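# Remarks on the overall topology
Given next are the chains, with one letter for each unit.
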Amino acid sequence: MTPCSLTRLAAAPTQADLEIAYMARGGDLIACDAARQMAVDTLLAERALQARWRKAANRRR
């Protein structure tokens with residue numbers, strides 16, 4: 001639910017600022033994608049556990 005933060009350029013960027021921001025932003029995107037994937041994996045694992053619990057609970061009835 002937390003938005004990813006991306007590196008921003010200064011008001012009057014130099015060529016060096018552009019190159020640094022390009023690399024930093026790539027790292028930001030990789031970190032954001034990894035966090036998103038971890039959240040999806042966690043959600044799917046939670047749902048699988050809930051489904052197993054419901055199935056076991058129905059068998060006990």
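Below is a short write-up of the structure. (Residues numbered from 1 in each chain as written. Predicted model: local features only at pLDDT ≥ 70, side-chain atom pairs only at ≥ 80, totals over all residues. Heavy atoms only, no water.)

Let us now look at the overall build of the protein. Helix and strand content of the protein: one helix and zero strands. Relative to the 2.2 N^0.38 estimate, which gives 10 Å for 61 residues, the radius of gyration of the protein is 21 Å and therefore markedly larger than a compact globule would have. Expressed along its principal axes, the backbone C-alpha trace of the protein runs to roughly 70 × 15 × 5 Å. Going through the 61 residues of the protein one by one, you find that 3% of them count as buried. Surface summary for the protein: the accessible area is close to 5600 Å², and the carbon and sulfur share equals 62%. Separation between the mean location of the 10 positive side-chain charges and that of the 6 negative ones in the protein comes to 24 Å. (Helix = DSSP H or I, 4+ residues; strand = E, 2+ residues; numbered from the N terminus. Rg over C-alpha atoms; globule rule 2.2 N^0.38 Å. Buried < 20%, exposed > 50% of the residue type's maximum accessible area, 1.4 Å probe, protein only. Areas by Shrake-Rupley, 256 points an atom, 1.4 Å probe, with all protein chains shown as cover. Lys, Arg positive; Asp, Glu negative; His and termini not counted. Charge placed at Lys NZ, Arg CZ, Asp CG, Glu CD.)

With that out of the way, let us pick up the state of the cysteines. Cysteine pairs can be covalently joined through their sulfur atoms, and such a bond is termed a disulfide. Tallied over the entire structure, the rule returns one disulfide. Note on cysteine connectivity: Cys4 is disulfide-linked to Cys32, with sulfurs 1.9 Å apart. Disulfide Cys4-Cys32: torsion about the S-S bond near 80 degrees, hence right-handed. Remark: Cys32 occurs in helix α1 (residues 15–60) and Cys4 occurs in the segment before α1; sequence separation between them is 28 residues. In this structure Cys4 comes out as partly exposed when scored by relative accessible area, which is 38%. Here Cys32 falls in the partly exposed class, since its relative accessible area comes to 22%. (Disulfide = S-S within 2.5 Å.)

With respect to the helices and strands, the residue Ala39 is situated in helix α1. Sequence-wise, Ala39 and Met1 are 38 residues apart; in three dimensions their C-alpha atoms are separated by 9.2 Å.

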